[in-house]
2 protein chains.
Amino acid sequence: MSVTAPLGFKAAGIAAGIKAGGNRDLALVINEGPSRAAAGVFTANRVKAAPVLWSQQVLSGGRVRAVVLNSGGANACTGPEGFQDTHATAEKVAASLQESAGEIAVCSTGLIGERLPMDALLGGVETAAEQLSRDGGLAAADAIRTTDTVSKISFKRGDGYMVGGMAKGAGMLAPALATMLVVLTTDADLTSEELDAVLRKATAKTFDRLDADGCMSTNDTVLLLASGAAEVKPPLKEFEEKVTEVCADLARQLLVDAEGASKAIAIEVVGAASEDDAVKVGRTVARSNLLKCAIHGEDPNWGRVLAAVGTTDAVFEPERLNVAINGVWICRGGAVGDDRDKVDMRPRDVTITIDLSAGTNSATIHTTDLTADYVHENSAYSS
Amino acid sequence: MSVTAPLGFKAAGIAAGIKAGGNRDLALVINEGPSRAAAGVFTANRVKAAPVLWSQQVLSGGRVRAVVLNSGGANACTGPEGFQDTHATAEKVAASLQESAGEIAVCSTGLIGERLPMDALLGGVETAAEQLSRDGGLAAADAIRTTDTVSKISFKRGDGYMVGGMAKGAGMLAPALATMLVVLTTDADLTSEELDAVLRKATAKTFDRLDADGCMSTNDTVLLLASGAAEVKPPLKEFEEKVTEVCADLARQLLVDAEGASKAIAIEVVGAASEDDAVKVGRTVARSNLLKCAIHGEDPNWGRVLAAVGTTDAVFEPERLNVAINGVWICRGGAVGDDRDKVDMRPRDVTITIDLSAGTNSATIHTTDLTADYVHENSAYSS
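These numbers were taken from a predicted model, which means no experiment stands behind them.

A. The arrangement of the interface of chain A and chain B in detail. Counting residues at the interface gives 51 residues for chain A, matched by 51 residues for chain B. Summed over both sides, the interface between chain A and chain B buries roughly 3,800 Å², with carbon and sulfur atoms accounting for 59% of that surface. When residues of chain A are sorted by the area they lose upon contact with chain B, R46, N289 and L290 of chain A head the list and together hold 17% of the total. For the pair chain A and chain B, the number of links is zero salt bridges. On the surface where chain A and chain B come into contact, there are eleven residue pairs in polar contact (both at pLDDT 80 or more). Those elements that provide at least two residues to the side of chain A that touches chain B are helix 8 (289-296), helix 9 (302-309), strand 13 (335-336) and helix 10 (372-380) of chain A. For the side of chain A that touches chain B, the leading source of residues is helix 10 of chain A, giving six residues. Partitioned by chemical class, the residues of the side of chain A that touches chain B number 24 nonpolar, 21 polar and six charged.

If you want it as structure tokens, here you go:
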């Protein structure tokens, strides 16, 4: 179902020959309207790939007719020539649809610092345009995979409308935006301003709270396209909930598929003076390599949790910190609490609860453990 | 030589039975004067171990008669009882020297969240006091090791005076202060204010620029003790250079011994608008797990360097960034530069040079690669 679950969308995923192995590597998603309203959020990295620079311009117009995505090359750090390659890709899609390139978003993922094989890519655009269909969502989701072991798709039904989506991302999941490409679609009828407000709120609570390895990519892009084909204008709050559900579902799939991870760790910060404090503490703890190693070794090492909390400027008193791992409060009042032998560390899911005893706010950050497999994958795979 | 290289110091290192294996685990360093001037810098972590809280109070008086250090337990996150343990340790040293506990600094390293075996520790203080000698510096350096594979000592000769030192630290080397215990000694005659100014400058350029894994400990302490026994008052600038040399030597030893590391990576940031910018960029790049994995795999992955630089707010334009690895400028103008096959990645020492093209300031941050051995050591060792 994926991006073609809502009415008004067609998609295709094909093998254009960008990847060496002959797997699918090019996806095309088109919005057949009647509306073309769209919104996007992009990586906060100041080193932005050419397709990010291009798509930011497209989205500033608030309308997207089509999104073309390729794996097998990030087109990042490729200079003016790389930007021209993105432009040429958008023009090719536009020509095949008899449209303006100004409404064609482009996303790329793969190796940084290498030019894309443009002959293969432009040929692939033609093929994809010919194969566009109402059930092309799965093939499109498959085509954007890099080290992803599975395709990531989701959809939720609203009151008379649908929200669908696909995502790509298995490493470099990080701050300010978990590194990935995501295309969300809906057949609800909303303006680009409404979509923008909803998308920012939904990503802030989902993808932004995923932090597998603290690294931020040059290519992160999340797009939300509305066709209006269902002829329904849902209450904004309800629509936001549906979009957030789809984002949360995709975020969870990204986390579970994170490179080399053996544990999915939820860092639940409670008792914070502000939500910002809770997010800050959760993110800092999520980035402690020492803690992530300990969790990998199934060691409920609350000392490393406290050591990480102590590096933040959040409101707390060290002697009032409490930490539970999988429900056992093994640190109370900044010191030894309940028996650590009571903690069952065997499940894949590990929840670390940190009570700052400083207020009533909370947030949860999701991360993974640090494993020898992570090291192996990222020593070998050049990205 | 170590801490007993300068005149006026005695030391001892003994096995008190704090560690299970029977290795040395308690060190005592005493200053026999005539001066007792001293200065200290401590972890910036807000979760501070009991001995750090204690020693900060001692150092606020500017005088230190003795330092007692133990491995085998950090005495961190141990509540009021842990603080009492530190106090009792200082009192025991004071009694054996017929002094006030207010001039006895205490340092601990090892597991967080466990009380120290006080009977063993206090008995050890007596034994150590009996064994104090002018050549006890090596034994003291040996006694403060945890996962360190070697003792770390250094000394430099000034004009009529000496600076000596010992250090402990093999993991959790981190920001704001590389995690470790360091005792520096000198027989030069300087006030505590002068020592403080010199120590802050020396550590800022050495230990503070070491960042093995981005984790900051609860126990970091660097002390500088002056006996005045050489009856020389060196020019402050010259003395600062000697102390900085000893700190740099010890910092290098810490880096080479970092847990599980196979590469020593110097991240040299040049062309920065300010020294702060240079340090910030260097530290951010030093913390990129993806880059550290790539270097481990001997992959000169400049894309991951740029992706890390891009997350900072330093002054730079993405299209003016240049990156060299081991002297080969493989990224020029934010895009592909010289042939990456020319980079020889085989040596243990790897230098990554980042030219921000934004000014004339520079700084070098030292880090290590991320290895499966790091994961194994830190999954197994509970700290």
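The discussion continues.
B. Summary view of the domain arrangement of chain A. Residues and elements named next belong to chain A. Taken as a whole, chain A is organised into domain 1 (2-256) and domain 2 (264-380). One C-alpha centre belongs to domain 1, the other to domain 2, and the line joining them spans 33 Å. Taken residue by residue, the interface counts 15 residues in domain 1 and 17 residues in domain 2. Summed over both sides, the interface of domain 1 with domain 2 buries roughly 1,200 Å², with 40% coming from carbon and sulfur. Three residues stand out in domain 1 for area buried against domain 2, namely R209, D211 and L255, and they jointly supply 51% of the buried area on that side.

C. Seen up close, the environment of V323 of chain B. All names here are of chain B. Of note, V323 is situated in strand 11 (residues 322-325). For V323, a relative accessible area of 0% puts it in the buried group. Taking the C-alpha atoms as reference, V323 lies 9.5 Å from G303; in sequence the two are 20 residues apart. Those residues in contact with V323 that lie beyond four places of it in its chain are W302, V305, L306, V328, W329, I330, C331, I352 and T353.

D. Region of interest: the sheet that holds strand 15 (residues 361-368) of chain A. Residue and element names in this part refer to chain A. Pairing is mixed across the open sheet formed by six strands, whose spatial order is 13-12-11-14-10-15. Strands with a single pairing partner mark the edges of an open sheet, and in this sheet they are strand 13 and strand 15. The pairing of strand 10 (residues 264-272) with strand 14 (residues 349-355) spans seven bridges and is classified as parallel. Bridged to I265 within strand 14 is V350. Most of the contacts of helix 8 go to strand 14, to which it runs at about 135°, and overall it touches strand 10, strand 14 and strand 15.

E. Focus on the relation of the copies chain A and chain B. Each copy of the sequence occupies a distinct position, and chain A is placed on chain B by a rotation of 180° and an axial shift of 0.0 Å, giving an RMSD of 0.0 Å. As the rotation angle and translation indicate, the two copies are arranged about a two-fold axis. Considering only C-alpha atoms, the residue of chain A closest to the rotation axis is A372 of chain A, which sits at 2.2 Å. The fraction of interface residues of chain A whose copies in chain B are also interface residues reaches 100%, indicating that both copies meet through the same surface.

F. Quick peek at the side chain of S227 of chain B. With respect to the element layout, S227 of chain B can be found in the loop between strand 9 (221-226) and helix 6 (236-256). If near-sequence neighbours (up to four positions away) are discounted, S227 of chain B is found in contact with L7, G8, F9, N31, G33, P34, S35, T186, D187 and A188 of chain B.

G. Representation of the side chain of S108 of chain B within the structure. Residue and element names in this part refer to chain B. Summarising the element assignment, S108 is placed in strand 5 (residues 104-108). You can call S108 buried: its relative accessible area is 1%. At 2.6 Å, the side chain of S108 and the side chain of N70 are in polar contact. Those residues in contact with S108, other than ones at most four positions away along the chain, are P51, N70, G73, A74, N75, L116, L181 and N219.

H. Spotlight on the packing of helix 7 (residues 275-286) of chain A against helix 9 of chain A. Residue and element names in this part refer to chain A. Closest axis-to-axis distance for the helix 7/helix 9 pair is 9 Å, and the angle between their directions is 125°. In this view, helix 7 runs oblique relative to helix 9, as classed from their interaxial angle. Seen along the crossing, helix 7 lies across helix 9 with a hand that is right-handed. The residues of helix 9 that touch helix 7, namely those facing V281, T284 and V285, are V305, A308 and V309. Considering only residue class, the contact of helix 7 with helix 9 consists of five nonpolar, one polar and no charged.

I. Representation of the environment of T244 of chain A within the structure. Residue and element names in this part refer to chain A. By the element assignment, T244 lies in helix 6 (residues 236-256). For the pair T244 and F207, spaced 37 residues apart in sequence, the C-alpha separation works out to 9.8 Å. When neighbours within four sequence positions are excluded, T244 is seen to be in contact with A202 and T206.

J. Examining the pairing of strand 7 (residues 162-168) of chain A more closely. Residue and element names in this part refer to chain A. When you tally the buried positions in strand 7, you get seven out of seven residues, the bulk of the element. Side-chain alternation along strand 7 places M162, G164, M166 and K168 on one buried face and V163, G165 and A167 on a second face that is also buried. In this structure, strand 6 (residues 152-157) lies alongside strand 7, joined through six bridges in antiparallel fashion. Counted as the bridge partner of K156 is V163 from strand 7. The hairpin turn running from strand 6 into strand 7, its antiparallel successor, is four residues long, and G160 in that turn takes a positive phi close to 90°. By the bridge criterion, six bridges tie strand 7 to strand 8 (residues 181-186) in an arrangement that is antiparallel. Paired with V163 across the bridge in strand 8 is T186.

Calculation notes
Residues numbered from 1 in each chain as written. Chains lettered and ligands numbered in written order. Predicted model: local features only at pLDDT ≥ 70, side-chain atom pairs only at ≥ 80, totals over all residues. Heavy atoms only, no water. Contact = heavy atoms within 4.5 Å. Buried area = accessible area lost by both parts, 1.4 Å probe. Salt bridge = Lys/Arg side-chain N within 4 Å of Asp/Glu carboxyl O. Polar contact = N/O pair within 3.5 Å; in protein donor to acceptor, adjacent residues only side chain to side chain. Helix = DSSP H or I, 4+ residues; strand = E, 2+ residues; numbered from the N terminus. Nonpolar A, V, L, I, M, F, W, Y, C, P; charged D, E, K, R; others polar. Domains from an automatic or database assignment. Buried < 20%, exposed > 50% of the residue type's maximum accessible area, 1.4 Å probe, protein only. Pairing = 2+ DSSP bridges. Axes fitted to C-alpha atoms, helices over the stretch in contact; angles between N-to-C directions. Least-squares fit on C-alpha atoms with pLDDT ≥ 70 in both. Parallel < 35°, antiparallel > 145°, perpendicular 65-115°, else oblique. Left-handed = near helix turned anticlockwise from the far one by under 90°.

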